[in-house]
Amino acid sequence: MIQIVGLGLVATFLALILKEHKSPIAFLLVVFVGCVIFLFLIDQIYEIIKMIEKLSVNAHVNMIYVETILKIIGIAYIAEFGAQITKDAGQGAIASKIELGGKILILSMAIPILTVIIETIISMLPS
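Conventions and cut-offs
- Residues numbered from 1 in each chain as written.
- Predicted model: local features only at pLDDT ≥ 70, side-chain atom pairs only at ≥ 80, totals over all residues.
- Heavy atoms only, no water.
- UniProt positions renumbered as here; feature names shortened; annotations may be inferred.
- Helix = DSSP H or I, 4+ residues; strand = E, 2+ residues; numbered from the N terminus.
- Buried < 20%, exposed > 50% of the residue type's maximum accessible area, 1.4 Å probe, protein only.
- Contact = heavy atoms within 4.5 Å.
- Phe/Tyr/Trp six-rings, centres within 6.5 Å; stacked < 30°, edge-to-face > 60°.

**Observations regarding the UniProt feature "transmembrane region" (unreviewed entry) in the protein**
Thinking step 1. Annotation from UniProt places "transmembrane region" (unreviewed entry) at residues 25-46 and 104-125.
Thinking step 2. Between the end C-alpha atoms of residues 25-46 there is a gap of 32 Å, over a span that is 100% helix and 0% strand.
Thinking step 3. Along residues 104-125, the helical share is 95% and the strand share 0%, with 31 Å between the first and last C-alpha atoms.

**A word on the environment of D88**
Thinking step 1. Examined against the element boundaries, D88 turns out to sit in helix 3 (residues 63-88).
Thinking step 2. With a relative accessible area of 48%, D88 lands in the partly exposed category.
Thinking step 3. Beyond its immediate chain neighbours, meaning those up to four positions away, D88 contacts F27 and V30.

**A short note on the packing of aromatic side chains**
The geometry of an aromatic ring pair is captured by two quantities: the separation of the ring centres and the angle between the planes.
Thinking step 1. Applying the stated criterion to the full structure yields one aromatic pair.
Thinking step 2. Ring geometry for F38 and F81: centres 6.2 Å apart, planes at 35°, overall tilted. A residue pair is termed long-range when its members are at least 10 positions apart, and F38 in helix 2 (residues 23-58) and F81 in helix 3 qualify at 43 residues.
Thinking step 3. Residue F81 is classed as partly exposed on the basis of its relative accessible area of 33%.

Now the structure itself:
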């Protein structure tokens, strides 16, 4: 975590300095550092996914639901990352559309899970 914070702080100071003279380079620096920080976290993300898959196998949960939930989480993080970069570029309207697109994709992927939950609840209710 110290490496990530250190890299972020150094990049922030450099971006502030570069912004006065070379604004496009400052933006590219911010995007590059954001991608590097994401790459730092890839191993941790992989371990978390493997742990969730192992837990779901042990709990006898259908892997289709687990995979769908992991995809939904991935969409949320990717949409947030893209929206933040777009906001950093000063394009708030486009960032809002990225967030909206992510929300719609999440909802469309969640419909099968919601359907199963509703059907399960209905089957438990007395007739």
